Amino acid sequence: MRGDHELDLGSPTQRTLFAALATRPRTALSRQELINAVWGPNPPITVESSIYTYIARLRRSFEPKRPRRAPSELLVADGNGYLLKLDPRKIDAQVFERHLESVRELQRSGTWSEAVRKLDTALALWRGPAFGGAVGPLADAERIRLDELRFTAIEDRAQLLLEADRANEIISDLSSLVRTHPLRERLHYLLMVAHYRCGRRADALKQFHSVRRLLIKELGIEPGEDLRRCHDQILNGTLRSPMPVSGSPLTLTSSGATVSQPVAPPPAQLPRDVPGFTGRLRELKRLEGFVSAADILDEAGVILISGAPGVGKSALALRFARGLAERFDGGQLHLDLRGFSNTGQPMKPAEALDHLLAGLGSSPKPSEDLQVRSSHYRSLVAGKRILIVLDNARSAEQVRPLLPGDPSCLVLVTSRNRLSGLTTRDGALRMTLDLMPKDDAATLVKHVIRQANGYAEHHLVDGLCQVGDYLPIALRIAAERMTSRFHVGLSSAGRTPPGRDDLLESPDTESDEQSSMRSVFSSSYRALPNDAAEMFRVMSLHEGSAFDLTTAAIMADVGCERARQTVDYLLSGHLLRVTPGNRLRFHDGMLRAYAKDRAVAEMPYQTRRAAVSRVLGHYVRTADTALRLLHPRQCPIIPPLPAPEGVPLLRFECPEQARTWLETELPNLTVAVRQAQVYGVPQVRERLPPIIQSFLHARPESHPSVPVNSPRPEGPPSR
């Protein structure tokens, strides 16, 4: 509105873009956030230019007298997005929700009449459907949310009038509402109580039988416990109100007076802390900063801790949550979403909401769908300081219905996946947890060994850290396996750290999911699509420490674009990582060992040999091309190895590019010589060493030559 004049916000899509900015005034929204809000997961190809066009039109509508090239004072560009400089007090939806917060405070103090007046003011802000004329995911979600808030406010107003002994004022309105919303049991409940308060006991009972018939006919269910109890109390003249006003611990007596209702203790569901929790001081400090930022912005804080399997996400979240527990007097909820579990399927959002509601002392009715459950859950936690830990999440879609809308709550989410949707759409603050620093890893190993009354020799501790590759769960398993040898008569000199293959195996007597690294990794592996699982296995056959995307594509025998998509999936699940030089490597040595284990178990020898042969041939051809460009006189006389059909050949535009490639890939070329011997690829074994030696000889600095002796070739399987 400009004065009394309503501005034309343009097309439905343009109106939706404005609505997305108005839902978070004075907050910069990136273009990607706007795309997600307006167009959803499948935007048109021209979406970027559409945003610019709509923004320009909105600016002209808001500021028609602004000079053509003058910056906008209301809708401003901010980095990669836009910000609407609008006072939240001028946005009806935000004013409405602030009124509801005030009502909750008045309810707690028992100021019924003032609470009713405040609700009347809030409801008067509605002049039509929420987000009228807007389309898209954001508008749909906000429309449902605000409509539910409005209807809950209407119900709260009716019960407040009952609290104020003004039942006669609401019977007409409630009778109309139950006709238009016949499946909302709370409306029927309030109407039954109102009839009873006005001395119309027969009408109250008639209302119960009417809703009972409707529920049986439409849904095949009986009325809920609240309605049934109300019916019984009307029959025997001892009506109590089992359904308090939102946020109020009061009930109604048959005379209309209020009495205190026993308040259930707040939930305290945090599991026991991880024994011997070590280090992570920097990460804990950063998480504390996230909480402070959420408090300052007055937003419902969502913190995501992501990382590779076994890196200690759950342990860190639990340690941090325990440190925060005293700040959240509304209680702590904890739920394992089973996103990556060997014992069951990921928990569905509806089931997760059932668990959370049970922790809050409530339970959904069988007829309630996911949206109703989620709204009920948000209503219960609104205004309360509650800490919610959602552990082991699989996807953003699994988590989103479990997020409260009130800034009084804090949610900690842990996941092996990046869950980018939570950060882009829901504003989650992400921290990616990495391997442990060397000193912290040594401290952890020593703690586990000392718990078993063992002596932690320095060389054993270092060996265990290297075997476990500074992965917390691997360090614990390795140290536990080491301590088991303290009791079999081995001398100190005879004790040796277990190997990575030992850590992959589970002891025969153990069935615990965390007793071997194979169990820890297998849940992530089984969740991979077929092409990602194949890439995961194939990449383990590369014996070098890091390599580029082209090498991965050649090993998997796929195009570079498909390889990029598959690699992105593995990166999202923290199974791979990108080095500073934009090269790929496994997240840690234990994951690499597990991937190699799966490759040997699931890929025939000839398939493995073919993958290795492809990449070895790629190295020979590319190294030969680079050397001929860089030092044509030093190039061996042997002609270059021809490329198989469909295999790309790297081209270098200048000698410097060729030199950079050779320097970068030199460790992999050295490893390739050994692999050619192991897998029996004579062409590579004969051609690659002269190329490497020629390059090293031409370099000004000295460099050790490539070893000639190699391991015995791997033979085909005996069967």
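Residues numbered from 1 in each chain as written. Predicted model: local features only at pLDDT ≥ 70, side-chain atom pairs only at ≥ 80, totals over all residues. Heavy atoms only, no water.

Turning our eyes to something else, we now look at the overall build of the protein. Of the regular secondary structure elements, the protein holds 28 helices and twelve strands. When each of the 719 residues of the protein is scored for burial, the buried share is 49%. Put simply, of all contacts in the protein between residues at least 6 apart along the chain, 68% involve residues at least 24 apart. Carbon together with sulfur atoms contributes 51% to the accessible area of the protein, which is approximately 34900 Å² in total. (Helix = DSSP H or I, 4+ residues; strand = E, 2+ residues; numbered from the N terminus. Buried < 20%, exposed > 50% of the residue type's maximum accessible area, 1.4 Å probe, protein only. Contact = heavy atoms within 4.5 Å. Areas by Shrake-Rupley, 256 points an atom, 1.4 Å probe, with all protein chains shown as cover.)

The interhelical angle for the contact between helix H18 (residues 458–468) and helix H19 (residues 472–484), taken along N-to-C directions, is 135°, at an axis separation of 8 Å. Comparing the axis directions of H18 and H19 gives the class oblique. You can see that H18 and H19 cross each other, and the crossing is right-handed. Where H18 approaches H19, its residues Leu460, Leu464, Cys465 and Gly468 are matched on the opposing element by Ala474, Leu475, Ala478, Ala479 and Met482. Per-class residue counts for the contact of H18 with H19 are eight nonpolar, one polar and no charged. (Axes fitted to C-alpha atoms, helices over the stretch in contact; angles between N-to-C directions. Parallel < 35°, antiparallel > 145°, perpendicular 65-115°, else oblique. Left-handed = near helix turned anticlockwise from the far one by under 90°. Nonpolar A, V, L, I, M, F, W, Y, C, P; charged D, E, K, R; others polar.)

Here we take up empty space enclosed by the protein. As enumerated under the stated definition, the model contains three cavities of 30 Å³ or more in all. As a volume, the largest cavity reaches approximately 90 Å³. A breakdown of the residues in the lining of the largest cavity according to their chemical character gives five nonpolar, three polar and two charged. (1 Å grid on protein atoms, 1.4 Å probe; cavity = no way out; pocket = protein on both sides within 12 Å on 5 of 7 lines; lining within 4 Å. Points joined across faces, edges and corners; volume = space filled by probe spheres on them.)

Along the chain, Pro349 turns up in helix H13 (residues 349–359). On the accessibility criterion, Pro349 (18% relative accessible area) is buried. Along the backbone, Pro349 and Leu402 are 53 residues apart, and their C-alpha atoms lie at a distance of 7.3 Å. Setting aside its immediate chain neighbours within four residues, Pro349 contacts Leu370, Glu397, Gln398, Pro401 and Leu402.

When you tally the buried positions in strand S8 (residues 386–393), you get eight out of eight residues, the bulk of the element. Here six bridges tie strand S7 (residues 331–336) to S8, and the two strands are oriented parallel to one another. Note that in S8 the partner of Gly331 across the bridge is Ile386. Sheet topology places S8 next to strand S9 (residues 410–415); five bridges connect them, and they run parallel. Bridge pairing links Ile388 to Val411 in S9. (Pairing = 2+ DSSP bridges.)

In terms of nonpolar packing, the biggest core is built from 106 residues, with Met517, Phe536, Met539, Leu570 and Leu688 touching the most fellow members. Of all the elements, helix H26 (residues 605–630) adds the most residues to this core, at eleven residues. Sequence-distant contacts of Met539, defined by excluding residues within four places in its chain, comprise Phe547, Ala552, Leu570, Leu576, Leu584 and Phe586. Grouped together as the second largest cluster of nonpolar side chains are 48 residues, Ala122, Phe151, Leu227 and Ile234 included. (Core = buried A, V, L, I, M, F, W, Y, C linked by side-chain atoms within 4.5 Å.)

Next up on the list: unusual backbone geometry. For residues besides glycine, phi is generally negative; the peptide bonds are generally trans as well. Not every positive phi belongs to a glycine, and Arg26 is a case in point at roughly 65°. Of note, Arg26 is situated in the loop between helix H1 (12–23) and strand S1 (29–30).

For the coordinates displayed, the defined rule picks out 32 salt bridges. The closest approach of N and O atoms between Glu169 and Arg166, which form a salt bridge, is 2.8 Å. Glu169 sits in the partly exposed class, given a relative accessible area of 40%. By relative accessible area, which is 26% here, Arg166 ends up partly exposed. Sharing partners across several salt bridges, the network here consists of Glu148, Glu155, Asp156, Arg184 and Arg186. (Salt bridge = Lys/Arg side-chain N within 4 Å of Asp/Glu carboxyl O.)

Sheet strands associate in pairs through backbone hydrogen bonding, adopting either a parallel or an antiparallel arrangement. What the five strands build is an open sheet, ordered S7-S8-S9-S6-S10; its pairing is parallel. A single partner strand is all that each edge strand has here, and the edge strands are S7 and strand S10 (429–433). Strand-to-strand, the axes of this sheet are offset by a mean angle of 15°, without reference to chain direction.

A rise of 1.5 Å per residue sets the reference length of helix H3 (residues 47–62), with its 16 residues, at 22 Å; its end C-alpha atoms lie 22 Å apart and thus fit the reference within 8%. Looking only at H3, the buried set comprises Val47, Ser50, Ile51, Tyr54, Ile55, Leu58, Arg59, Ser61 and Phe62. The arc enclosing the buried residues of H3, seen along the axis, measures out at 165°, which places them on a common side. Contacts from the buried residues of H3 go to H1, helix H2 (31–38), strand S2 (75–78) and strand S3 (81–84). (Expected span 1.5 Å × (residues − 1). Arc of directions from axis to C-beta.)

Within the secondary structure layout, Leu29 lies in strand S1. In sequence terms Leu29 and Asp78 are 49 residues apart; their C-alpha atoms lie 8.2 Å from each other. Beyond its immediate sequence surroundings of up to four residues, Leu29 is in contact with Ala20, Leu21, Arg24, Leu34, Gly81 and Tyr82.

Moving on, we get to the confidence of the model for the protein. Reading fine detail from the predicted coordinates is not recommended where pLDDT is low. In this model, the protein carries a mean pLDDT of 81, and residues with pLDDT of at least 70 account for 85%. Per-element averaging of pLDDT across the protein places strand S5 (residues 258–260) at the bottom with 38 and S9 at the top with 96. Per-residue pLDDT stays below 50 along residues 241–263; that stretch engages in 63 contacts with residues further than four places along the chain or on separate chains. The model gives residues 488–494 a pLDDT under 50, and that stretch makes three contacts with residues more than four places away or in other chains. (pLDDT = per-residue confidence, 0-100.)

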